[in-house]
There are 2 protein chains.
Amino acid sequence: MDYRTDVRRIKALADENRLAIMLALQHGEKCACLLLEELKISQPTLSHHMRLLRDSGLVYGRKEGKWMHYSISPEGTKSFRAMIRSYARCDCEEDATGTCPYKAEDE
Amino acid sequence: MDYRTDVRRIKALADENRLAIMLALQHGEKCACLLLEELKISQPTLSHHMRLLRDSGLVYGRKEGKWMHYSISPEGTKSFRAMIRSYARCDCEEDATGTCPYKAEDE
DNA sequence: TAAACATATTTATGGATGTCAATATGTAAA
DNA sequence: TTTACATATTGACATCCATAAATATGTTTA
């Protein structure tokens, strides 16, 4: 099997600054200039991190004039969690599927 | 905030061979010698990967004579998924908590 | 148009990481 | 106690990655 894509997505989250960015975006869209103020990194470094997060599908980017607005991608984070769950699990764990009539898809 | 621990845990999964190991252990405990046959890596390299997986809490190790038996840690993978969920999410996502009377804790 | 501003890209560099050969440690069998 | 075997550790090396300075691209304003 080929795990390259999954590894690249996981690596997108395997960095202190990118974790901080994910938390910073959790309550809604933010401009790059705002993120630049919160994190103590240079502008090229932030741009680099945002490209990795966008390429992984976790974050969405919207250009408005000369400003870039970033936000969490609900679909991206959902499929990311599902991907993680496919590796970080074992048969001995009880699976919620079927036990909940409403929504067990994401467990 | 300090993300070092979380980054180290995420990095434990950010490798092709370690993803393959997690899948190989998904159906139950396996000896190191068995893993060595399935993966195309040297013995020192496997030992290195197993140490990272054990340090992250995802995998449990049990020594029996001269053999090492590895297995998925249900608690480790569960807390890992919870940790991932704290970063890979956004407020706009509907939270299953409360909608399912049985078990919504893990999503 | 030119100037100012926001972000992206290029380039270089130091540090982290995966890999394996050689070796060490520990255990079981002869 | 030897010998054989399974796994861990050490050391060296190549590659990957985070970082920032310099520069480029694109946008708005004067």
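(A) Looking closely at the protein's contact with DNA strand D. By nearness alone, 25 residues border DNA strand D, and Asn17, Arg18 and His49 of chain A together with Gln43 and Pro44 of chain B come closest of all. The separation between a phosphate oxygen of DNA strand D and a polar side-chain atom of Lys11 of chain A is 3.1 Å. At 3.1 Å from a phosphate oxygen of DNA strand D is found a side-chain nitrogen or oxygen belonging to Ser47 of chain B. Listing elements by their share of the surface near DNA strand D, those giving two or more residues are α2 (16–24) and α4 (43–55) of chain A together with α3 (32–38), α4 (43–56) and β3 (67–72) of chain B. Sort the elements by how many residues they give to the surface near DNA strand D and α4 of chain A lands first, with five residues. Looking at side-chain class alone, the surface near DNA strand D contains 10 nonpolar, eight polar and seven charged residues.

(B) Quick look at the environment of Cys31 of chain A. Residue and element names in this part refer to chain A. Tracing the sequence through the fold places Cys31 in strand β1 (residues 30–31). Linking Cys31 and Arg62, residues 31 residues apart in sequence, is a C-alpha distance of 9.3 Å. In this structure Cys31 touches Trp67, Met68 and His69, once residues within four positions along its chain are discounted.

(C) Spatial organisation of the interface of chain A and chain B. With 43 residues of chain A in contact, the opposing surface of chain B contributes 43 residues. Carbon and sulfur atoms make up 65% of the area that chain A and chain B hide from each other, which totals about 3800 Å². Of all residues in chain A, the largest losses of buried area upon contact with chain B belong to Gln26, Arg81 and Tyr87 of chain A, amounting jointly to 15% of the total for that side. Where chain A packs against chain B, one counts zero salt bridges. Along the contact surface separating chain A from chain B lie 10 residue pairs in polar contact (both at pLDDT 80 or more). Of all the secondary structure elements, the ones that give two or more residues to the side of chain A that touches chain B are α1 (4–13), α2 and α5 (74–87) of chain A. Sorting elements by how many residues they give to the side of chain A that touches chain B places α5 of chain A first, with nine residues. Residues that form the side of chain A that touches chain B fall into these classes: 22 nonpolar, five polar and 16 charged.

(D) Broad picture of the pattern of salt bridges. Summed over all chains, the structure comprises 10 salt bridges over all chains. In this structure, Lys30 of chain A engages Glu38 of chain A in a salt bridge whose closest nitrogen and oxygen atoms are separated by 2.6 Å. Between Asp2 of chain B and Arg4 of chain B there is a salt bridge whose closest N-O contact spans 2.9 Å. What makes Arg4 of chain B exposed here is its relative accessible area of 54%. By sharing partners, the salt bridges in this structure join Glu29, Arg62 and Glu64 of chain A into a single network.

(E) Representation of the state of the cysteines within the structure. Residues and elements named next belong to chain A. One pass over the full model with this rule turns up two disulfides over all chains. The disulfide partner of Cys90 is Cys92, and the S-S distance across this bridge is 2.5 Å. Judged by the torsion about the S-S bond (-55°), the Cys90/Cys92 disulfide is left-handed. The exposure class assigned to Cys90 is buried, which follows from its relative accessible area of 3%. On the accessibility criterion, Cys92 (57% relative accessible area) is exposed.

The rules behind the values
Along each chain, numbering runs from 1 in the same order as the chain's sequence is written. Numbering of ligands from 1 and lettering of chains from A proceed in the order in which they are written. Local features in this predicted model are restricted to residues whose pLDDT is 70 or higher, and side-chain atom pairs enter the listing and the counts only when it is 80 or higher, whereas totals over whole chains, interfaces and linings include all residues. The side-chain values count all of the structure's non-hydrogen atoms but skip hydrogen atoms and water molecules. Put simply, a residue is near a molecule or strand once any heavy atom of it comes within 4 Å of that molecule or strand. Any N or O atom pair separated by 3.5 Å or less is treated as a polar contact, with the protein-specific requirement of one donor-capable and one acceptor-capable atom, and with residues adjacent in sequence counted only for side-chain atom pairs. Helix and strand definitions here come from DSSP, where helices need a minimum of 4 consecutive H or I residues and strands a minimum of 2 consecutive E residues; each element is numbered from the N-terminal end. When residues are grouped by polarity, Ala, Val, Leu, Ile, Met, Phe, Trp, Tyr, Cys and Pro land in nonpolar, Asp, Glu, Lys and Arg in charged, and all others, Gly among them, in polar. The contact criterion used is simple: two residues touch if any of their non-hydrogen atoms lie within 4.5 Å. Two parts placed together each lose some accessible area under a 1.4 Å probe, and the buried area is that loss summed for both. For this analysis, a salt bridge means a side-chain nitrogen from Lys or Arg found within 4 Å of a carboxyl oxygen belonging to Asp or Glu. Exposed residues in this analysis have more than 50% of their type's maximum accessible area, buried residues have under 20%, and partly exposed residues fall in between, with area computed by a 1.4 Å probe over protein chains only. Put simply, a disulfide is two cysteine sulfurs that come within 2.5 Å.

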